[in-house]
Amino acid sequence: MRNKAKLQRRMPFMLLSIITCLGTLFGYGGASAASSTTIVQDATHGVTNNFTTPAVTQDVYTHLPTIYLAGDSTVQTYREAQRPQAGWGQMIGQYLDDSIAVSNQAIGGRSSRSFIEQGRLDTIISQIQPGDYLMIQFGHNDADRKPERYTPVQDYRNYLKVYIHGARSKGATPILVTPVSRRDYNASGQFNVSFPEYVAAMKQVAADTQTSLLDLSARSVACYNSVGIEGTTSIFLHVQPGLYPYFPNGVVDNTHFQEYGAMQIAGLVAEGIRDLGLPLSEHVLNPASSAAQ
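Residues numbered from 1 in each chain as written. Predicted model: local features only at pLDDT ≥ 70, side-chain atom pairs only at ≥ 80, totals over all residues. Heavy atoms only, no water.

Caption draft 1: Fine view of the environment of lysine 203. Relative to the elements of secondary structure, lysine 203 occurs in helix H5 (residues 196-209). Overall, the relative accessible area of 37% leaves lysine 203 in the partly exposed class. It is 9.6 Å that separates the C-alpha atoms of lysine 203 and arginine 157, two residues lying 46 residues apart in sequence. In contact with lysine 203, not counting residues within four places along its chain, are Thr178, Leu213 and Asp215. (Helix = DSSP H or I, 4+ residues; strand = E, 2+ residues; numbered from the N terminus. Buried < 20%, exposed > 50% of the residue type's maximum accessible area, 1.4 Å probe, protein only. Contact = heavy atoms within 4.5 Å.)

Quick look at the structure:
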(Lines give C-alpha, C1' and ligand atoms only; values in the text may rest on other atoms or scores of the structure.)
Protein backbone atom coordinates (compact mmCIF):
# COMPACT_ATOMS: atom_id res chain seq x y z
CA MET A 1 0.00 0.00 0.00
CA ARG A 2 2.82 2.40 0.90
CA ASN A 3 4.47 1.75 -2.52
CA LYS A 4 1.16 2.35 -4.32
CA ALA A 5 0.63 5.66 -2.52
CA LYS A 6 4.21 6.71 -3.30
CA LEU A 7 3.69 5.89 -7.02
CA GLN A 8 0.47 7.95 -7.07
CA ARG A 9 2.29 10.95 -5.57
CA ARG A 10 5.08 10.71 -8.14
CA MET A 11 2.79 10.23 -11.17
CA PRO A 12 2.33 13.97 -12.01
CA PHE A 13 6.09 14.50 -11.96
CA MET A 14 6.62 11.46 -14.18
CA LEU A 15 4.07 12.76 -16.68
CA LEU A 16 5.70 16.18 -16.66
CA SER A 17 9.07 14.61 -17.40
CA ILE A 18 7.62 12.65 -20.31
CA ILE A 19 5.96 15.74 -21.78
CA THR A 20 9.20 17.73 -21.42
CA CYS A 21 11.15 15.02 -23.23
CA LEU A 22 8.61 14.92 -26.05
CA GLY A 23 8.72 18.69 -26.32
CA THR A 24 12.48 18.60 -26.68
CA LEU A 25 12.30 15.85 -29.28
CA PHE A 26 9.65 17.47 -31.49
CA GLY A 27 10.49 21.13 -30.96
CA TYR A 28 7.48 22.19 -28.85
CA GLY A 29 7.53 25.30 -26.71
CA GLY A 30 8.82 27.61 -29.47
CA ALA A 31 12.36 26.24 -29.45
CA SER A 32 14.08 25.98 -32.79
CA ALA A 33 17.45 24.97 -34.15
CA ALA A 34 19.40 26.61 -36.93
CA SER A 35 19.34 25.00 -40.34
CA SER A 36 22.33 22.92 -41.34
CA THR A 37 24.08 23.18 -44.68
CA THR A 38 25.49 20.11 -46.39
CA ILE A 39 27.95 20.42 -49.28
CA VAL A 40 27.30 17.68 -51.84
CA GLN A 41 29.95 16.97 -54.46
CA ASP A 42 28.77 15.95 -57.93
CA ALA A 43 31.52 13.71 -59.28
CA THR A 44 30.25 13.81 -62.86
CA HIS A 45 30.41 17.54 -63.40
CA GLY A 46 32.83 18.57 -60.67
CA VAL A 47 30.41 21.00 -59.05
CA THR A 48 28.88 21.49 -55.64
CA ASN A 49 25.53 22.56 -54.33
CA ASN A 50 24.48 23.87 -50.93
CA PHE A 51 21.52 21.90 -49.63
CA THR A 52 19.96 23.72 -46.66
CA THR A 53 18.19 21.16 -44.48
CA PRO A 54 16.06 22.29 -41.51
CA ALA A 55 17.15 20.68 -38.25
CA VAL A 56 14.75 18.12 -36.80
CA THR A 57 13.87 20.33 -33.83
CA GLN A 58 12.91 23.33 -35.96
CA ASP A 59 9.57 24.86 -34.98
CA VAL A 60 7.34 25.41 -38.03
CA TYR A 61 6.32 28.76 -36.59
CA THR A 62 9.89 30.02 -36.78
CA HIS A 63 10.62 28.61 -40.23
CA LEU A 64 12.52 31.09 -42.39
CA PRO A 65 10.80 31.47 -45.80
CA THR A 66 13.13 29.82 -48.29
CA ILE A 67 13.68 30.19 -52.03
CA TYR A 68 14.58 26.82 -53.56
CA LEU A 69 16.39 27.01 -56.89
CA ALA A 70 16.03 24.27 -59.50
CA GLY A 71 18.21 24.83 -62.53
CA ASP A 72 21.42 24.22 -64.42
CA SER A 73 25.05 25.38 -64.42
CA THR A 74 24.14 29.04 -65.02
CA VAL A 75 22.34 29.01 -61.65
CA GLN A 76 24.39 26.68 -59.47
CA THR A 77 26.86 27.42 -56.70
CA TYR A 78 30.53 26.73 -57.52
CA ARG A 79 33.40 25.74 -55.26
CA GLU A 80 35.93 28.36 -54.18
CA ALA A 81 38.56 26.42 -56.15
CA GLN A 82 36.57 27.03 -59.35
CA ARG A 83 36.81 30.80 -59.20
CA PRO A 84 36.00 32.99 -60.98
CA GLN A 85 33.16 30.87 -62.38
CA ALA A 86 29.86 31.52 -60.63
CA GLY A 87 26.13 31.07 -61.09
CA TRP A 88 23.48 33.68 -60.38
CA GLY A 89 21.94 31.41 -57.74
CA GLN A 90 24.96 31.77 -55.47
CA MET A 91 24.64 35.58 -55.65
CA ILE A 92 20.89 36.13 -55.35
CA GLY A 93 20.96 36.06 -51.55
CA GLN A 94 22.90 39.33 -51.58
CA TYR A 95 19.81 41.06 -52.96
CA LEU A 96 17.48 39.73 -50.26
CA ASP A 97 17.05 40.72 -46.63
CA ASP A 98 17.92 38.43 -43.75
CA SER A 99 14.36 37.15 -43.36
CA ILE A 100 14.68 35.05 -46.54
CA ALA A 101 16.87 31.96 -46.98
CA VAL A 102 18.12 30.51 -50.27
CA SER A 103 18.63 26.81 -50.96
CA ASN A 104 20.46 26.53 -54.28
CA GLN A 105 19.97 23.01 -55.59
CA ALA A 106 20.72 23.81 -59.21
CA ILE A 107 23.42 21.70 -60.81
CA GLY A 108 25.24 21.63 -64.12
CA GLY A 109 24.27 19.50 -67.07
CA ARG A 110 20.66 18.96 -66.03
CA SER A 111 17.56 19.55 -68.08
CA SER A 112 14.00 19.84 -66.82
CA ARG A 113 13.71 16.09 -67.46
CA SER A 114 16.97 14.77 -66.01
CA PHE A 115 16.64 16.91 -62.87
CA ILE A 116 13.40 15.05 -62.16
CA GLU A 117 14.66 11.63 -63.24
CA GLN A 118 17.63 11.88 -60.88
CA GLY A 119 15.36 12.59 -57.92
CA ARG A 120 16.51 16.17 -57.44
CA LEU A 121 13.00 17.61 -57.56
CA ASP A 122 11.90 14.97 -55.04
CA THR A 123 14.63 16.23 -52.70
CA ILE A 124 13.29 19.77 -52.95
CA ILE A 125 9.66 18.74 -52.50
CA SER A 126 10.57 16.70 -49.41
CA GLN A 127 12.01 19.86 -47.81
CA ILE A 128 9.87 22.70 -49.11
CA GLN A 129 7.24 24.14 -46.78
CA PRO A 130 4.18 26.40 -46.98
CA GLY A 131 5.30 29.96 -47.61
CA ASP A 132 8.45 28.90 -49.47
CA TYR A 133 9.21 29.52 -53.15
CA LEU A 134 10.49 27.32 -55.96
CA MET A 135 12.27 29.15 -58.79
CA ILE A 136 12.67 27.02 -61.91
CA GLN A 137 15.11 27.83 -64.74
CA PHE A 138 15.76 25.24 -67.43
CA GLY A 139 16.28 25.36 -71.19
CA HIS A 140 20.02 25.28 -71.88
CA ASN A 141 20.34 21.52 -71.55
CA ASP A 142 16.82 20.73 -72.74
CA ALA A 143 17.89 22.13 -76.11
CA ASP A 144 21.13 20.10 -76.06
CA ARG A 145 20.88 17.05 -78.35
CA LYS A 146 22.83 14.81 -75.96
CA PRO A 147 20.48 11.91 -75.13
CA GLU A 148 20.89 12.27 -71.37
CA ARG A 149 19.82 15.94 -71.58
CA TYR A 150 17.61 16.55 -74.58
CA THR A 151 13.96 17.28 -73.88
CA PRO A 152 11.58 18.08 -76.77
CA VAL A 153 9.60 21.29 -76.34
CA GLN A 154 6.29 19.50 -75.69
CA ASP A 155 7.89 17.33 -73.02
CA TYR A 156 9.56 20.43 -71.56
CA ARG A 157 6.10 21.95 -71.09
CA ASN A 158 4.88 18.85 -69.28
CA TYR A 159 7.92 18.64 -67.01
CA LEU A 160 7.55 22.28 -66.00
CA LYS A 161 4.03 21.47 -64.85
CA VAL A 162 5.45 18.74 -62.61
CA TYR A 163 7.59 21.35 -60.81
CA ILE A 164 4.62 23.68 -60.48
CA HIS A 165 2.32 20.96 -59.13
CA GLY A 166 4.99 19.75 -56.71
CA ALA A 167 5.51 23.19 -55.19
CA ARG A 168 1.82 23.92 -54.91
CA SER A 169 1.11 20.53 -53.36
CA LYS A 170 3.28 21.62 -50.40
CA GLY A 171 1.81 25.12 -50.11
CA ALA A 172 4.82 26.76 -51.79
CA THR A 173 4.80 29.29 -54.64
CA PRO A 174 6.40 28.31 -57.98
CA ILE A 175 8.11 30.96 -60.12
CA LEU A 176 9.10 30.12 -63.69
CA VAL A 177 12.32 31.78 -64.88
CA THR A 178 12.95 31.86 -68.63
CA PRO A 179 16.49 30.66 -69.48
CA VAL A 180 19.13 33.36 -69.27
CA SER A 181 20.52 34.10 -72.73
CA ARG A 182 23.99 33.20 -73.95
CA ARG A 183 26.52 35.64 -75.43
CA ASP A 184 25.15 35.26 -78.93
CA TYR A 185 24.83 38.28 -81.23
CA ASN A 186 24.00 38.94 -84.87
CA ALA A 187 25.76 40.85 -87.63
CA SER A 188 24.18 44.08 -86.44
CA GLY A 189 25.77 43.67 -83.04
CA GLN A 190 22.45 42.97 -81.31
CA PHE A 191 22.10 40.00 -79.00
CA ASN A 192 19.83 37.11 -79.86
CA VAL A 193 17.32 35.37 -77.61
CA SER A 194 18.72 31.94 -76.79
CA PHE A 195 16.48 28.87 -76.98
CA PRO A 196 13.45 30.87 -78.26
CA GLU A 197 11.21 27.79 -78.56
CA TYR A 198 11.79 26.95 -74.90
CA VAL A 199 11.29 30.55 -73.81
CA ALA A 200 7.95 30.62 -75.63
CA ALA A 201 6.96 27.24 -74.17
CA MET A 202 7.67 28.38 -70.61
CA LYS A 203 5.61 31.53 -71.15
CA GLN A 204 2.73 29.40 -72.41
CA VAL A 205 2.93 27.12 -69.37
CA ALA A 206 2.92 30.17 -67.10
CA ALA A 207 -0.23 31.46 -68.79
CA ASP A 208 -1.96 28.06 -68.79
CA THR A 209 -1.23 27.38 -65.11
CA GLN A 210 -1.45 30.97 -63.85
CA THR A 211 2.11 30.76 -62.56
CA SER A 212 4.33 33.77 -61.91
CA LEU A 213 6.90 34.27 -64.68
CA LEU A 214 10.22 36.08 -64.46
CA ASP A 215 11.45 36.75 -68.00
CA LEU A 216 15.20 36.51 -67.45
CA SER A 217 15.67 35.85 -71.17
CA ALA A 218 14.39 39.31 -72.09
CA ARG A 219 16.10 41.02 -69.16
CA SER A 220 19.47 39.46 -69.94
CA VAL A 221 19.30 40.32 -73.65
CA ALA A 222 18.44 43.93 -72.79
CA CYS A 223 21.36 43.99 -70.37
CA TYR A 224 23.83 42.65 -72.96
CA ASN A 225 22.66 45.17 -75.54
CA SER A 226 23.11 47.98 -73.02
CA VAL A 227 26.80 47.17 -72.40
CA GLY A 228 27.68 46.04 -75.93
CA ILE A 229 29.68 43.15 -77.32
CA GLU A 230 32.96 44.00 -75.59
CA GLY A 231 31.21 44.86 -72.35
CA THR A 232 29.76 41.38 -72.07
CA THR A 233 33.22 39.81 -71.83
CA SER A 234 33.29 40.88 -68.18
CA ILE A 235 29.93 39.19 -67.60
CA PHE A 236 30.72 35.86 -69.21
CA LEU A 237 33.59 33.53 -68.36
CA HIS A 238 36.34 35.18 -70.42
CA VAL A 239 39.56 34.76 -68.43
CA GLN A 240 43.16 35.40 -69.43
CA PRO A 241 45.76 32.63 -68.90
CA GLY A 242 47.61 32.53 -65.60
CA LEU A 243 45.07 34.42 -63.49
CA TYR A 244 43.22 31.55 -61.82
CA PRO A 245 44.51 28.07 -60.93
CA TYR A 246 41.32 26.39 -62.16
CA PHE A 247 41.80 27.93 -65.62
CA PRO A 248 45.60 27.98 -66.05
CA ASN A 249 45.30 28.36 -69.83
CA GLY A 250 42.47 30.86 -69.65
CA VAL A 251 38.97 30.27 -70.98
CA VAL A 252 36.47 31.81 -73.40
CA ASP A 253 32.97 30.65 -72.43
CA ASN A 254 29.88 32.36 -73.81
CA THR A 255 27.39 30.44 -71.68
CA HIS A 256 28.66 30.64 -68.11
CA PHE A 257 29.43 33.63 -65.93
CA GLN A 258 32.32 34.92 -63.93
CA GLU A 259 31.62 36.34 -60.49
CA TYR A 260 30.98 39.89 -61.64
CA GLY A 261 28.57 38.66 -64.29
CA ALA A 262 26.76 36.29 -61.95
CA MET A 263 26.24 39.23 -59.60
CA GLN A 264 24.78 41.33 -62.42
CA ILE A 265 22.45 38.55 -63.56
CA ALA A 266 21.36 38.00 -59.96
CA GLY A 267 20.53 41.70 -59.87
CA LEU A 268 18.26 41.22 -62.88
CA VAL A 269 16.58 38.30 -61.11
CA ALA A 270 16.10 40.48 -58.03
CA GLU A 271 14.51 43.16 -60.18
CA GLY A 272 12.20 40.53 -61.61
CA ILE A 273 11.23 39.28 -58.16
CA ARG A 274 10.47 42.82 -57.05
CA ASP A 275 8.30 43.43 -60.11
CA LEU A 276 6.22 40.26 -59.60
CA GLY A 277 4.40 41.84 -56.68
CA LEU A 278 4.53 38.70 -54.53
CA PRO A 279 5.02 38.76 -50.75
CA LEU A 280 8.64 37.84 -51.56
CA SER A 281 8.97 41.10 -53.50
CA GLU A 282 9.00 43.09 -50.27
CA HIS A 283 12.28 41.44 -49.25
CA VAL A 284 14.35 42.55 -52.26
CA LEU A 285 17.27 44.87 -51.43
CA ASN A 286 18.74 47.30 -53.96
CA PRO A 287 18.08 45.37 -57.19
CA ALA A 288 20.42 46.42 -60.00
CA SER A 289 18.83 48.60 -62.65
CA SER A 290 21.09 47.00 -65.25
CA ALA A 291 24.15 44.77 -65.46
CA ALA A 292 26.15 47.84 -66.41
CA GLN A 293 26.06 49.06 -62.81
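So that's the structure; there's more coming.
Caption draft 2: Looking closely at the pattern of salt bridges. If you walk through the whole model with that rule in mind, you get eight salt bridges. The salt bridge involving aspartate 215 is made with lysine 203; its shortest N-O contact spans 3.0 Å. Of this pair, aspartate 215 sits in the loop between strand S8 (212-214) and helix H6 (216-231) while lysine 203 sits in helix H5; the two residues are 12 residues apart in sequence, bridging distant segments of the chain. A salt bridge links aspartate 275 to arginine 274; its shortest N-O distance comes to 3.1 Å. With relative accessibility at 46%, the residue aspartate 275 sits in the partly exposed group. Look at arginine 274 and you get partly exposed, because its relative accessible area is 39%. (Salt bridge = Lys/Arg side-chain N within 4 Å of Asp/Glu carboxyl O.)

Caption draft 3: Inspection of the sheet that holds strand S7 (residues 173-177) at higher detail. Pairing is parallel across the open sheet formed by five strands, whose spatial order is S5-S3-S6-S7-S8. At either margin of the open sheet sits one strand with a lone partner, and together these are strand S5 (101-104) and S8. In this sheet, neighbouring strand axes are inclined to one another by 25° on average, regardless of whether the strands run parallel or antiparallel. Bridging between strand S6 (residues 133-136) and S7 involves four bridges; their strand directions are parallel. Bridged to leucine 134 within S7 is proline 174. The strands that helix H7 (residues 259-276) touches are S6, S7 and S8; relative to S8, the one it contacts most, it runs at about 150°. (Pairing = 2+ DSSP bridges. Axes fitted to C-alpha atoms, helices over the stretch in contact; angles between N-to-C directions.)

Caption draft 4: Fine view of the packing of H6 against H7. The N-to-C vectors of H6 and H7 enclose an angle of 130°; their axes lie 10 Å apart at closest approach. With respect to their mutual orientation, H6 and H7 come out oblique. With respect to the hand of their crossing, H6 and H7 are arranged in right-handed fashion. Where H6 approaches H7, its residues Leu216, Arg219, Ser220, Cys223 and Tyr224 are matched on the opposing element by Ile265, Leu268, Val269, Glu271, Gly272 and Asp275. Counted by class, the contact of H6 with H7 contains six nonpolar, two polar and three charged residues. (Parallel < 35°, antiparallel > 145°, perpendicular 65-115°, else oblique. Left-handed = near helix turned anticlockwise from the far one by under 90°. Nonpolar A, V, L, I, M, F, W, Y, C, P; charged D, E, K, R; others polar.)

Caption draft 5: Looking closely at the pairing of strand S3 (residues 66-70). Taken across its five residues, S3 has five buried, putting it largely inside the fold. Relative to S5, S3 is paired through four bridges, and the arrangement is parallel. Considered in S5, the bridge of isoleucine 67 is made with valine 102. Two strands pair when backbone bridges link them, and S3 and S6 are joined in this way by four bridges, in the parallel orientation. The residue bridging alanine 70 from the neighbouring strand is isoleucine 136, located in S6.

Caption draft 6: Seen up close, the sheet that holds strand S10 (residues 251-258). Taken in spatial order, the three strands line up as S4-S10-S9 in an open sheet, and their pairing is antiparallel. Each end of this open sheet is capped by a strand with a single partner; those strands are strand S4 (85-86) and strand S9 (236-239). In this structure, S9 lies alongside S10, joined through four bridges in antiparallel fashion. Of the residues in S10, the one forming a bridge with leucine 237 is aspartate 253. On top of the sheet, H7 reaches S4 and S10; it is set at about 35° to S10, its chief contact.

Caption draft 7: Summary view of the nonpolar core. In this structure, Trp88, Met135, Leu216 and Tyr224 are the most contacted members of the largest nonpolar core, which totals 35 residues. Those elements that place two or more of their residues in this core are S3, S6, S7, H6 and H7. Among the elements that line this core, the one with the most residues is H7, at seven residues. If sequence neighbours within four positions are ignored, methionine 135 has contacts with Ile67, Tyr68, Leu69, Ala70, Ile175, Val177, Leu214, Val269 and Ile273. Counting residues in hydrophobic clusters, the runner-up holds 24 residues, among them Phe115, Leu121, Leu134 and Val205. (Core = buried A, V, L, I, M, F, W, Y, C linked by side-chain atoms within 4.5 Å.)

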